[in-house]
Every structure is written in C-alpha cells, then in structure tokens.
Amino acid sequence: MGKLTDAKLRGLRAKSIPGKWADGEGLLLKITKVGGMYWQWRIKTPTGETTVSFGAYPEVGLAEAREQHRKAKQQRRDGVVNPNTLKRQAKLAQELDTNSGFEVVAREWFNVRKADW
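The model shown is predicted, which means the values in this text are computed figures rather than measured ones. (Residues numbered from 1 in each chain as written. Predicted model: local features only at pLDDT ≥ 70, side-chain atom pairs only at ≥ 80, totals over all residues. Heavy atoms only, no water.)

Trainee: Outline the nonpolar core, listing residues and values.
Mentor: Residues Leu4, Leu9, Leu12, Leu29, Trp39 and Phe54 are the most contacted members of the largest nonpolar core, which totals 17 residues. Residue assignment for this core shows that the elements contributing at least two residues are helix H1 (6-15), strand E2 (27-31), strand E3 (37-45), strand E4 (48-56) and helix H2 (62-77). At four residues, E3 tops the list of elements feeding residues into this core. Among all residues touching Leu12, those that are not within four sequence positions of it are Leu4, Ile17, Trp21, Leu29, Ile31 and Met37. (Core = buried A, V, L, I, M, F, W, Y, C linked by side-chain atoms within 4.5 Å. Buried < 20%, exposed > 50% of the residue type's maximum accessible area, 1.4 Å probe, protein only. Helix = DSSP H or I, 4+ residues; strand = E, 2+ residues; numbered from the N terminus. Contact = heavy atoms within 4.5 Å.)

Spelled out as structure tokens, the structure:
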C-alpha cells in the first residue's frame, strides 16, 4: 500500500527534516520545523480544501494512521463530505454525555449548597 516503513519513520524522527512524506493514497506525514510529526490527509470539499488529521507520530503509528485513513476514505465514499465533521460531532456528544450526567450535576449542586447546611 504505502511507501513509508517503520524503519524509515524512525530515521525521519531522528533527523527531524521538515517536509511532507507521502505514504500513498493521499496519506502523508508532515514534519514541522520544530520536529512535530503529524499524520494528515488533504481533501477537497465544496468550500475549498481541508486537512483531516489522524494524530501525531509516534503516538499514532503507521498501521493505525493507515487504518484511520482507510476509515475516513470509506466515510467519503458513503457520502460524508468532510470526515472532520463526524469527529467533531462524536467529541461533542462525548462531552455532553460526561458533563451533563446526573452524578455530575448532583455533585455540583451539593458543592454549592453544602455551605448553607
């Protein structure tokens, strides 16, 4: 599938040469001037171009980046214009789920009222 290997990634990490390194099918590893390494995929949307990010190397390895890229491409084939939208919606749903649970609200109420008791 791709042109990058684990050995090549380790070498790029050691050298930290800024640039973009293609893995194939649009997946690339962007290395910044300060040495950050990020998995990205540039796509065209009706409003222009956007970048879908899959995480930073080495936290997100080559195999995981390829899997996330494969899933994002499948989402595009299924009619999702921008996979970033789905990631934002999932993150928002998780935040709402954890921040508005009964226990969280009850503990906040208790902490506000306990001084009056």
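Trainee: Tell me about the sheet that holds strand E1 (residues 19-24), and please be specific about residues and values.
Mentor: If you trace the four strands from one edge of the open sheet to the other, you get E1-E2-E3-E4, paired in antiparallel fashion. Single-partner strands in this sheet number two, and they are E1 and E4. Ignoring which end each strand starts from, the neighbouring axes of this sheet average 35 degrees apart. By the bridge criterion, five bridges tie E1 to E2 in an arrangement that is antiparallel. Within the sheet, the bridge partner assigned to Gly24 lies in E2 and is Leu27. Against the sheet, H1 touches E1, E2 and E3, its axis set at about 105 degrees to E3. (Pairing = 2+ DSSP bridges. Axes fitted to C-alpha atoms, helices over the stretch in contact; angles between N-to-C directions.)

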